[in-house]
Amino acid sequence: MEESSVDRENGVQGRGGLATTTARTLNLPAGMSRDSLQLESVARRLWRGPGSPMKQNLSNIGTSSTSSPVRTSYSDRFIPSRSSSNLTGFALLDRSPSGANIAQANDNREDSAAAYSLLLRSELFGTEASSPATPDKAMGLAARDPIRSPISPTNRNLFRFKSDHQVRGSSSRAESPYSLSPGVLDATLTSTTMSPRKAPRKIARSPYKVLDAPALQDDFYLNLVDWSSHNVLAVGLGTCVYLWSACTSKVTKLCDLGNADSVCSVGWTQRGTFLAVGTNLGEVQLWDATRCRKVRTMSGHRTRVGTLAWSSHILSSGSRDRNILQRDVRAQEDFVSKLVGHKSEVCGLKWSYDDRELASGGNDNQLFVWNQQSTQPVVKFSEHNAAVKAIAWSPHQHGLLASGGGTADRCIRFWNTATNTPLNCYDTGSQVCNLVWSKNVNELVSTHGYSQNQIIVWRYPAMSKLATLTGHTMRVLYLAISPDGQTIVTGAGDETLRFWNVFPSPKSQSTVRDTGVWSLGRTHIR
């Protein structure tokens, strides 16, 4: 009977023997009574009237701070408690930081995050969410709510369903269904990223003019073509020198050396009024082109003078005797200094644009750099494997020198004479005969011999080919550029001179020339 009274106090009715047996046989966990096993009794208590002990206990919870602790009831239903859930990481709670946290959060944010947030919100929630109505909204969510995720909307609705009321036909900017853009872009960004690509410059693949040049020698070591600043072309043909005016297309015979001698090189002064002529006998003659009169004859070489280069009043001449003579045309002496260093014929000479350095190339595969005072080379480059005739200084970068090798080398190499270091090397596949830089753009032209006889326009420093011009049937041994920097003339042993438009003008950046004397077709230079 004592067990039955205890059972009644715990809410168990009329099952004394069975309950006692169950409590004695079961091994219950600590803190769990046998009342929790009586599901039927618990259900009855829950459905009792307003005066039930269960409802009274529930009503007293939270209202009375002195109430006794409530015993935990265990049942077959699980009611989750969200009080301990961490929803901050899901950006579902609006917690606004204060004080130093706001400053630190704002410092960690960047403009890129605000722009990305605005872009993504516009794509996900429409244009209304992306249009900045206030300065705070224009700066994105970073300045106002640093804790909130960048992709969460301002109204704190996780899911927002909205129909698109905008008519595509009335949109100011049509949106392509194939657009690669992740969202609606700003007009400034659209104009920048979607601007049409600039079309590459077109270079005519055929010469616009051809001149017959009889007796133009097929000799790799000679330099028989030069273009003056007065737009007059000088060409050495056999024993004579002819002048062709690009303005009037008029041909003038400057001189005839006679049967005992021949022309090996020509070179205009920088002002374009005097022409130096190197002969096969080792002389250098100076001619007044306007009057067709010889000014003086300078000796010093024992054999032919194959290359000439001007630097103000200084004339440099290179010969087969392996020497370079520096001649001051204002002095009475034939030469003022001798540069010794090459072990074979000197076939290439070029002064830098600042007239401080002289580059020389020889048949000994050497490339030397001299200064104004030196009689020995200050820099020696020995990487070429063939004769170095093609030499060109860059007008765009100080100390940048380009050189080309002969048949066994076929490479264009670039050098930094300021640091005395080699830069790059490019195999052209053919003998390199000449090089010239453009004055208007950072490009250069190379002419070639064995075996393709081609003319290549390069873009520097990528050295990508802009055009490959063909037409000569023999080695393209001679090259000169017009004073405006747009046109080049090439000469070959096929006894022709060909004029090509390859470079743009410095202002219009176009290759369009006026018609007239340039469209006369094929004519004779003598």
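Now for a look at the structure at hand. Since we're looking at a predicted model, the values are computed, not measured.

What to know about the overall build of the protein
- For the protein, the count of helices and strands is 8 helices and 29 strands.
- Taken over 526 residues, the protein has a buried fraction of 42%.
- Put simply, of all contacts in the protein between residues at least 6 apart along the chain, 48% involve residues at least 24 apart.
- Entry remark: accessible area of the protein is about 29100 Å², with carbon and sulfur atoms responsible for 51%.

Brief notes about the pairing of strand β5 (residues 251-256)
- Note that strand β4 (residues 240-245) and β5 share 5 bridges and pair antiparallel. Looking across to β5, one finds that Val241 is bridged to Cys255.

Examining the environment of Val277
- Looking at the element boundaries, Val277 is found in strand β7 (residues 274-279).
- Residue class for Val277 comes out buried when judged on its relative accessible area of 0%.
- Between the C-alpha atom of Val277 and that of Val266, which follows or precedes it by 11 residues, the distance is 4.7 Å.

Thoughts on the nonpolar core
- Counting 38 residues, the largest nonpolar core has Leu233, Leu275 and Leu497 as the members making the most contacts within it.
- Counting residues per element, the ones that place at least two in this core are β2 (225-227), β3 (232-237), β4, β5, β6 (263-268), β7, β26 (476-481) and β28 (496-501).
- With sequence-adjacent residues up to four places away left out, Leu275 is seen in contact with Ala234, Val241, Leu243, Leu254, Val266, Gly267, Trp268, Gln285, Leu286 and Trp287.
- Counting 15 residues, the second largest nonpolar core, distinct from the first, contains Val441, Val457, Val502 and Phe503.

Observations regarding the pattern of salt bridges
- Tallied over the entire structure, the rule returns 10 salt bridges.
- Between Arg296 and Asp334 there is a salt bridge, with its nearest N and O atoms 4.0 Å apart. Of this pair, Arg296 sits in strand β9 (residues 293-298) while Asp334 sits in the loop between β12 (323-328) and β13 (337-340), and the two are 38 residues apart along the sequence.
- Arg320 serves as the salt-bridge partner of Glu345, at 3.6 Å between the closest nitrogen and oxygen. With Glu345 in the loop between β13 and β14 (346-351) and Arg320 in the loop between β11 (314-319) and β12, this residue pair connects regions lying 25 residues apart in the sequence.

Quick word on the sheet that holds β13
- Sheet architecture is open: 4 strands sit in the order β10-β11-β12-β13, paired in antiparallel fashion. Every interior strand has two partners, whereas the edge strands, β10 (305-311) and β13, have only one. Strand after strand, the sheet turns through a mean of 20° between neighbouring axes, direction not considered.
- Across 4 bridges, β12 lies against β13 in antiparallel orientation. Bridge pairing in β13 links Leu325 to Lys338.

So, the sheet that holds β14
- Pairing is antiparallel across the open sheet formed by 4 strands, whose spatial order is β14-β15-β16-β17. Here the strands that pair on one side only, and so sit at the sheet edges, are β14 and β17 (379-381). Looking at each pair of strands side by side, their axes are set apart by 20° on average, direction ignored.

Thoughts on the packing of aromatic side chains
- Using the criterion set out here, one finds 10 aromatic pairs in the structure.
- Measuring from centroid to centroid gives 6.2 Å for Tyr208 and Phe499, while their planes differ by 50°, and the two rings are tilted. Note that Tyr208 is positioned in the loop between α8 (187-193) and β1 (209-212) and Phe499 in strand β28, a separation of 291 residues in sequence.
- Following the ring pairs from residue to residue traces out a cluster consisting of Tyr208, Trp227, Trp244 and Phe499.

Quick notes on the environment of Lys350
- With respect to the element layout, Lys350 can be found in strand β14.
- Accessibility expressed as a relative area gives 36% for Lys350, which makes it partly exposed.
- Apart from the residues lying within four places of it in its own chain, the contact partners of Lys350 are Ala309, Glu357, Leu358, Ala359, Ile391, Trp393 and Leu435.
- Within the local environment of Lys350, its side chain forms a polar contact with the backbone oxygen of Ile391, the two atoms lying 3.1 Å apart.

Digging into the pairing of strand β21 (residues 421-427)
- By the bridge criterion, 5 bridges tie strand β20 (residues 411-416) to β21 in an arrangement that is antiparallel. Its bridge partner being in β21, Ile412 is matched across the sheet by Tyr426.
- The antiparallel pairing of β20 with β21 creates a hairpin that spans 4 residues between the two strands, and Asn420 there sits at a positive phi of about 60°.

Points about the side chain of Asn440
- Note on placement: Asn440 falls in the loop between β22 (432-437) and β23 (443-448).
- In terms of polar contacts, Asn440 uses its side chain to reach the backbone carbonyl oxygen of Pro504, at 2.6 Å.
- With residues near it in sequence (within four places) discarded, Asn440 still touches His396, Asp484, Gly485, Gln486, Pro504, Ser505 and Pro506.

Comments concerning the environment of Val388
- Relative to the elements of secondary structure, Val388 occurs in strand β18 (residues 388-393).
- Residues Val388 and Gly406, spaced 18 residues apart in sequence, show a C-alpha to C-alpha distance of 6.5 Å.
- Discounting residues that sit within four places of it in the chain, Val388 has contacts with Cys347, Gly348, Gly361, Gly362, Asn365, Gln366, Leu367, Ser403 and Gly404.

Calculation notes
Residues numbered from 1 in each chain as written. Predicted model: local features only at pLDDT ≥ 70, side-chain atom pairs only at ≥ 80, totals over all residues. Heavy atoms only, no water. Helix = DSSP H or I, 4+ residues; strand = E, 2+ residues; numbered from the N terminus. Buried < 20%, exposed > 50% of the residue type's maximum accessible area, 1.4 Å probe, protein only. Contact = heavy atoms within 4.5 Å. Areas by Shrake-Rupley, 256 points an atom, 1.4 Å probe, with all protein chains shown as cover. Pairing = 2+ DSSP bridges. Core = buried A, V, L, I, M, F, W, Y, C linked by side-chain atoms within 4.5 Å. Salt bridge = Lys/Arg side-chain N within 4 Å of Asp/Glu carboxyl O. Axes fitted to C-alpha atoms, helices over the stretch in contact; angles between N-to-C directions. Phe/Tyr/Trp six-rings, centres within 6.5 Å; stacked < 30°, edge-to-face > 60°. Polar contact = N/O pair within 3.5 Å; in protein donor to acceptor, adjacent residues only side chain to side chain.

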